[in-house]
Amino acid sequence: MDCIFCKIATGEIPSQKVYEDESVVAFKDLSPKAPVHVLIVPKKHIQSVAHFQTEDKELAAHIFVDVVPKLANELGIAENGFRVVMNTGDDGGQTVHHLHVHLLGGRKFTWPPG
Ligand code: AMP
Ligand code: ZN
């Protein structure tokens with residue numbers, strides 16, 4: 001499959017990895033929107049959060065229960081706060097159609113988003 005995040009997950013395309021385990025990889029966003037901006041990506045190709053299947057429950061829990069708080073701590077943004085974003089589909093502004101969680105921090109964010 002011609003998918004940039006699948007290729008990053010296998011190492012075919014280089015990235016600045018900050019975390020990897022058997023089901024997930026996390027790397028620095030190429031075009032950071034905050035001092036800390038990493039993408040948490042399942043190694044399995046899932047198009048978006050709208051495409052999660054029942055079989056992905058453990059993976060989804062792993063991302064949000066294990067990986068997000070661990071990386072927020074390690075990257076030094078847990079105390080002051082951070083933002084977790086999943087752009088989904090065209091109206092959601094998703095440009096890479098392989099599910100990814102943006103973990104952003106190191107500055108104050110505004111609401112609502114643009
Ligand atoms: P989204 O717009 O939510 O689909 O987010 C896609 C993100 O992937 C954007 O923030 C891009 O800057 C980022 N991105 C695209 N290609 C790469 C790459 N090769 N390495 C790291 N980040 C990338
Ligand atoms: Zn993919």
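Above this text sits the structure in question.
Residues numbered from 1 in each chain as written. Chains lettered and ligands numbered in written order. Predicted model: local features only at pLDDT ≥ 70, side-chain atom pairs only at ≥ 80, totals over all residues. Heavy atoms only, no water.

Turning to the pattern of salt bridges, a few remarks are in order. With the rule as written, the count across this model stands at six salt bridges. Among the salt bridges present, the one from K70 reaches E74, with a minimum N-O distance of 2.7 Å. Here E74 and K70 lie together in helix α2 (residues 57–74), a separation of four residues that amounts to about one turn. Each of K17, E20 and K43 takes part in one network of salt bridges that share partners. (Salt bridge = Lys/Arg side-chain N within 4 Å of Asp/Glu carboxyl O. Helix = DSSP H or I, 4+ residues; strand = E, 2+ residues; numbered from the N terminus.)

The next point concerns the site of ligand 1. Around ligand 1 lies a shell of 16 residues, among which D29, N87, T95, H100 and H102 are the nearest. For ligand 1, an oxygen atom lies 2.5 Å from a polar atom in the side chain of D29. Contact between ligand 1 and V96: an oxygen atom at 3.0 Å from a main-chain N or O atom of the residue. In the complex, 85% of the free accessible area of ligand 1, which totals 510 Å², lies under the protein chains. Put simply, the parts of the chain that give the shell around ligand 1 at least two residues each are α1 (4–10) and β2 (24–28). Element by element, the count of residues in the shell around ligand 1 is highest for α1, at three residues. Partitioning the shell around ligand 1 into residue classes produces seven nonpolar, seven polar and two charged. (Near = heavy atom within 4 Å. Polar contact = N/O pair within 3.5 Å; in protein donor to acceptor, adjacent residues only side chain to side chain. Areas by Shrake-Rupley, 256 points an atom, 1.4 Å probe, with all protein chains shown as cover. Nonpolar A, V, L, I, M, F, W, Y, C, P; charged D, E, K, R; others polar.)

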